[in-house]
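Next come the chains, spelled out residue by residue.
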Amino acid sequence: MPSSYSPNLRIQLIASGEQANTWGDSTNANLGTVIEQAITGYQAIDVSSGDVTLTALDGVADQSRNAILQFTGSPGVARNVYCPAGVTKVYVLYNTCGSNLTLYCGSSVSHGTGVTVPTGYAYQVFCDGTNVVRVN
């Protein structure tokens, strides 16, 4: 059986007997990149040119796995950001883009409730895979 990936953090799950004598590379990527990014990772994302769908990649660094997302740029209008549908995650969202920003799960506003973060504010939010809610 080949490697697979965990559903939420997309960590490589090495199959039994796979990667003999080379599993250290995958393990180091899981622990030193993927898990660290999920716990303490920070990513600045420019929303000047339009709404953003966060990248979600298996076993390598991506945007949506980060714990802290700062939204930057000068869009002049409110923006939507979409995190992966079906994935549970807690985020700290810091909006410095000069316009309101709303985080949703999935690829459109029809996929559940979102949380709007006013410019200049940081909110902790929880995504249950469908809805995003603010943590108080």
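For the structure, see preceding data.
Presented here is a report on the structure given in the accompanying data block. As a convention, each chain's residues are numbered from 1 in the sequence order in which they are written. Thresholds applied to this predicted model are a pLDDT of at least 70 for local features of residues and 80 or more for the giving and counting of side-chain atom pairs; totals over whole chains, interfaces and linings are not thresholded and use all residues. Side-chain metrics in this entry use all non-hydrogen atoms of the structure; hydrogen atoms and water are not considered.

## Description of the packing of aromatic side chains
Part 1 of the reasoning: Ring pairs are drawn from Phe, Tyr and Trp, using the six-membered ring of Trp, whenever the two centres fall within 6.5 Å, and their geometry is named by plane angle: stacked under 30 degrees, edge-to-face over 60, tilted for the rest. Applying the stated criterion to the full structure yields two aromatic pairs.
Part 2 of the reasoning: Look at Y121 and Y123: their rings are 6.3 Å apart centre to centre, the planes differ by 65°, and that puts the pair in the edge-to-face class.
Part 3 of the reasoning: Between buried and exposed lies partly exposed: a residue is buried under 20% and exposed over 50% of the maximum accessible area for its type, with that area taken using a 1.4 Å probe on protein chains only. Using a relative accessible area of 47% as the deciding quantity, one classes Y121 as partly exposed.

## Comments concerning the sheet that holds strand β10 (residues 122–128)
Part 1 of the reasoning: An order of β3-β5-β7-β10-β11 is seen for the five strands of this open sheet, with the pairing classed as mixed. Edge positions in the sheet fall to β3 (42–46) and β11 (132–134), since each of these pairs with one other strand and no more. Going across the sheet, the axis of each strand differs from the next one's by a mean of 30°, ignoring polarity.
Part 2 of the reasoning: Paired strands are those between which DSSP finds at least two bridges. Helix and strand assignments follow DSSP, with helices taken as H or I runs no shorter than four residues and strands as E runs no shorter than two, numbered in order from the N terminus. Looking at chain direction, strand β5 (residues 68–72) and strand β7 (residues 88–95) are connected through four bridges and run parallel. Residue F71 lies in a different strand from β7, and its bridge partner there is N95. Each axis is a line fitted through C-alpha atoms, and for a helix only the stretch in contact is used; angles between axes span 0 to 180 degrees, taken between their N-to-C directions.

## A look at the pairing of β5
The side chains of a regular strand alternate, residue by residue, between the two faces of the sheet.
Part 1 of the reasoning: As defined by bridge partners, β3 adjoins β5 across five bridges and the pair is classed as parallel. Its bridge partner lying in β5, Q43 is registered against L69.

## Considerations on unusual backbone geometry
Part 1 of the reasoning: Here R10, not a glycine, exhibits a phi torsion of approximately 55°, which is positive.
Part 2 of the reasoning: Within the secondary structure, R10 is located in the loop between β1 (4–5) and β2 (12–13).
Part 3 of the reasoning: Unusually for a residue other than glycine, N21 sits at a positive phi of about 65°.
Part 4 of the reasoning: You can see N21 is positioned in the loop between β2 and α1 (23–40).

## Structural notes on empty space enclosed by the protein
Part 1 of the reasoning: Whether a set of points on the 1 Å grid over the protein atoms alone is a cavity depends on a 1.4 Å probe fitting there but being unable to get out, while an open set qualifies as a pocket with protein on both sides within 12 Å along at least five of seven lines; lining residues are those with an atom within 4 Å of a point. Grid points are joined across faces, edges and corners, and a volume is the space filled by probe spheres set on the points. Counted under the stated rule, the structure contains one cavity of 30 Å³ or more.
Part 2 of the reasoning: The space that makes up the largest cavity amounts to roughly 30 Å³.
Part 3 of the reasoning: Taken together, N8, R10, S64, R65, P84, V87, K89 and Y91 make up the lining of the largest cavity.
Part 4 of the reasoning: In the scheme used here, Gly and all other residues not listed as nonpolar or charged are polar, with Ala, Val, Leu, Ile, Met, Phe, Trp, Tyr, Cys and Pro taken as nonpolar and Asp, Glu, Lys and Arg as charged. Residues of the lining of the largest cavity, tallied by class, amount to three nonpolar, two polar and three charged.

## Quick notes on a nonpolar patch on the surface
Part 1 of the reasoning: Only residues above 30% relative accessible area that lack a salt bridge enter a patch, with like-charged residues linked at up to 9 Å and the nonpolar side chains Val, Leu, Ile, Met, Phe, Trp and Tyr linked at up to 5 Å. Surface exposure here means Shrake-Rupley accessible area, sampled with a 1.4 Å probe, where a residue is shielded only by the protein chains that are shown. The term salt bridge refers to a pairing of a side-chain nitrogen on Lys or Arg with a carboxyl oxygen on Asp or Glu at a separation within 4 Å. Together, V90, F126, V133 and V135 make up an exposed nonpolar region whose accessible area comes to about 270 Å².
Part 2 of the reasoning: Within the secondary structure layout, V135 lies in the segment after β11.
Part 3 of the reasoning: Residue class for V135 comes out partly exposed when judged on its relative accessible area of 34%.

## Side note on the sheet that holds strand β4 (residues 52–53)
Part 1 of the reasoning: The four strands lie next to each other as β4-β6-β8-β9, forming an open sheet whose pairing is mixed. Edge positions in the open sheet fall to β4 and β9 (115–117), since each of these has one partner strand only.
Part 2 of the reasoning: Of the strand pairs in this sheet, β4 and strand β6 (residues 79–83) are connected by two bridges, and their pairing is parallel. The residue of β6 that forms the bridge with T53 is Y82.

In short, shape yes, function no, at least from these values alone.
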